[in-house]
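One letter stands for each residue in the lines below.
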Amino acid sequence: MTAMEQKEESRYGKLFKTILISGGALLINSLISFCLVPVISNTVGTEAYGFVSMAKNFEQYAMILTAALNAFAVRYIAIRYHEDNLEQANIYFSSTFFGDAFLATLLFVVALVCIFFLDSIFQISPELVTDVKLLFLFIFVNFWIVTMTTAFTSTAHIKNKLDVAGIFKVMAYLSEAMLLVGCYSFLKPAVYYVGAGRALQAVVLAIGAIWIWRRYAKELVIKTRFFSTHSVQNLLSNGIWTSMNSLGGVLNDGLDLWICNLMLTPLGMGQLAIAKTFHSFFNGIFSVISQSFEPLFLKSYATGEIGTLMKELKLSMKVSGMLSNILFAGFVALGVSFYRLWIPKEDIMLVYGLTIISNLATVPSGPMFPLYYIYVLTAKNRFPTIVTIFGGIFNVSAMYILLSTTSLGNYAILWTSVIVSVVIAFISNPLYMAHVLKQPWHTFYPGMILNIVSCAIMTALFYGLSKLYQPSSWLMLILSAIALFFIGASLHLTVVCNKEERHRIIQMLMRKKNLE
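As the structure is a prediction and not an experimental result, all values here were calculated from the model.

Asker: Before we move on, could you go through the side chain of T459 and cite the residues and values that matter?
Answerer: With respect to the helices and strands, T459 occurs in helix α19 (residues 445-468). A residue is classified by how much of its surface remains accessible, and T459, at 16% relative accessible area, is buried.

Written out as structure tokens, the structure is:
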């Protein structure tokens, strides 16, 4: 094996290790969410679970404001660091920390005022008011801690130590799980335990981020003399577009629970929140793949290795697309059985239908998710932001009209979001991504089309198999899901990957015990 091949195997070996550890952390976090739904809906009520999802959404709204400062922080710190410009790296590192400290504290104070008047803003059953307010309070404690430690988390990207960060995620999620098990086992059921668990999770993650910083990148320091208003302005001038893009994302996908609460019923909001649990899980999978590739993208772009960058981008599409297709097709086949075991007291077919619709957009957007980082690499995100905002305005307007003039209910909320998301994912994003990288306009379309073909074949095959057998116990459901995973992975690798890519992926799987 040549030195170049050894270097490449090391890069992709580290990538695979990161995906495994981060994926394990996500699995633990998802299991917590899945266990919470029946516990909360059966003890406190379906309405209460709707407020859990809504509180997390409002945390995301606050994150939109901090994204203006943080979206490009890792990029600037990492690029200056890889250029061996340590002084500039420290300037961006310190400026990010002090800027976040100000923003996080300001937004937390605003949140406290809003929480005090929460029952005047939403429809909340009287017996849930105190519980829901405490839930929001703990969720925003989590927000404050996460925002304060953003600068420290950049060191995991710089040093490609996301696998180590993944270990701390596992520890954080296990700590959260133990707290929730204790609370729901020995105390009166309440939804604010979920917020307390999130706050504990944030504390463990903060400790991990600081440890990675001190262990692997102690040359990066936080000092007031490194604070630079010019650097903050530079971060904001680029990051403001990311905030606006996130606002467009909220209009496209994040206001549905709020609108459902105000225009339909709290029960309908709870049913929609349950259906979107899988949507959040899908996005979590995509984030794991994307974040695992980001250190590779950053280094290739910073060192001017565009050929290597394109190779990594296309590989990330195929890996992310494989998982999105298996998840979508697998849920089509096993979703009804899963819901019958998970939430037998709910309207199974309604929630199943809502879940399928909410995840239709993952078919084109799944393989594209890691590629969104292109906008961070190139610092060119104005056009996609404008597209997302206009799409979001159209989505909310169409949603309001349909809810006011038809009896579609939750279906109106989901279909408008899906249509807008599919158009953006399949048309504007791949064209503009190719443009900013100075590549042919059709660069990403072959991979997208092959992914759709793979998903169509996989869904038809899985659906046919589901007609032959439907599991009726958790054990058989898990075994069925594992079998479908391997069938789907084999099919996807055959349809989407060429011989060299299949060989590399299989080689990484076979050599996983020897990964660095």
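Asker: Which residues make up empty space enclosed by the protein, and what values go with them?
Answerer: One pass over the structure, following the stated rule, counts two cavities of 30 Å³ or more. Volume-wise, the second largest cavity comes out at about 30 Å³. As for the second largest cavity, its lining consists of M317, K318, P367, G447, N451, H492 and V496. Of all the secondary structure elements, the ones that give two or more residues to the lining of the second largest cavity are α13 (306-342), α19 and α20 (474-496). Of the residues that constitute the lining of the second largest cavity, the class distribution is three nonpolar, three polar and one charged.

Asker: Describe in detail helix α3 (residues 73-82), supporting the description with residues and values.
Answerer: Among the ten residues in α3, nine count as buried, and that is most of the element. Where α3 ends, the next residue or the one after it, D84, has phi of about 65°, a positive value.

Asker: Go over the nonpolar core, please, and point to the residues and values.
Answerer: Buried together is how nonpolar side chains tend to be arranged in soluble globular proteins. Counting 100 residues, the largest nonpolar core has L220, Y339 and F444 as the members making the most contacts within it. Of all the elements, α13 adds the most residues to this core, at 19 residues. When residues no more than four places from it in sequence are discounted, the contact partners of L220 are I77, Y81, L86, A89, N90, F93, T155, I158 and W213. Ranked by size, the runner-up nonpolar core spans 35 residues in total, among them L107, V132, F143 and Y173.

Asker: Lay out α20 with the relevant residues and their values.
Answerer: Along its 23 residues, α20 runs 32 Å from first to last C-alpha, staying within 8% of the 33 Å computed at 1.5 Å per residue. Of the residues making up α20, those classed as buried are L477, S480, L484, G488, A489, L491, H492, L493 and V496.

Asker: Can you explain the pattern of salt bridges? Please cite residues and give values.
Answerer: For the structure shown, the criterion picks out two salt bridges. Between R198 and E59 there is a salt bridge whose closest N-O contact spans 2.8 Å. Residue R198 is located in helix α9 (residues 192-216), and its partner E59 is located in helix α2 (residues 46-70); the two are separated by 139 residues in the primary sequence. Accessibility expressed as a relative area gives 5% for E59, which makes it buried.

Asker: Explain the side chain of T355 to me, and be specific about the residues and the numbers.
Answerer: Of note, T355 is situated in helix α14 (residues 348-358). A distance of 2.6 Å separates a polar atom in the side chain of T355 from a polar atom in the side chain of Y339. When residues no more than four places from it in sequence are discounted, the contact partners of T355 are A275, F278, F331 and Y339.

Calculation rules
Residues numbered from 1 in each chain as written. Predicted model: local features only at pLDDT ≥ 70, side-chain atom pairs only at ≥ 80, totals over all residues. Heavy atoms only, no water. Helix = DSSP H or I, 4+ residues; strand = E, 2+ residues; numbered from the N terminus. Buried < 20%, exposed > 50% of the residue type's maximum accessible area, 1.4 Å probe, protein only. 1 Å grid on protein atoms, 1.4 Å probe; cavity = no way out; pocket = protein on both sides within 12 Å on 5 of 7 lines; lining within 4 Å. Points joined across faces, edges and corners; volume = space filled by probe spheres on them. Nonpolar A, V, L, I, M, F, W, Y, C, P; charged D, E, K, R; others polar. Core = buried A, V, L, I, M, F, W, Y, C linked by side-chain atoms within 4.5 Å. Contact = heavy atoms within 4.5 Å. Expected span 1.5 Å × (residues − 1). Salt bridge = Lys/Arg side-chain N within 4 Å of Asp/Glu carboxyl O. Polar contact = N/O pair within 3.5 Å; in protein donor to acceptor, adjacent residues only side chain to side chain.

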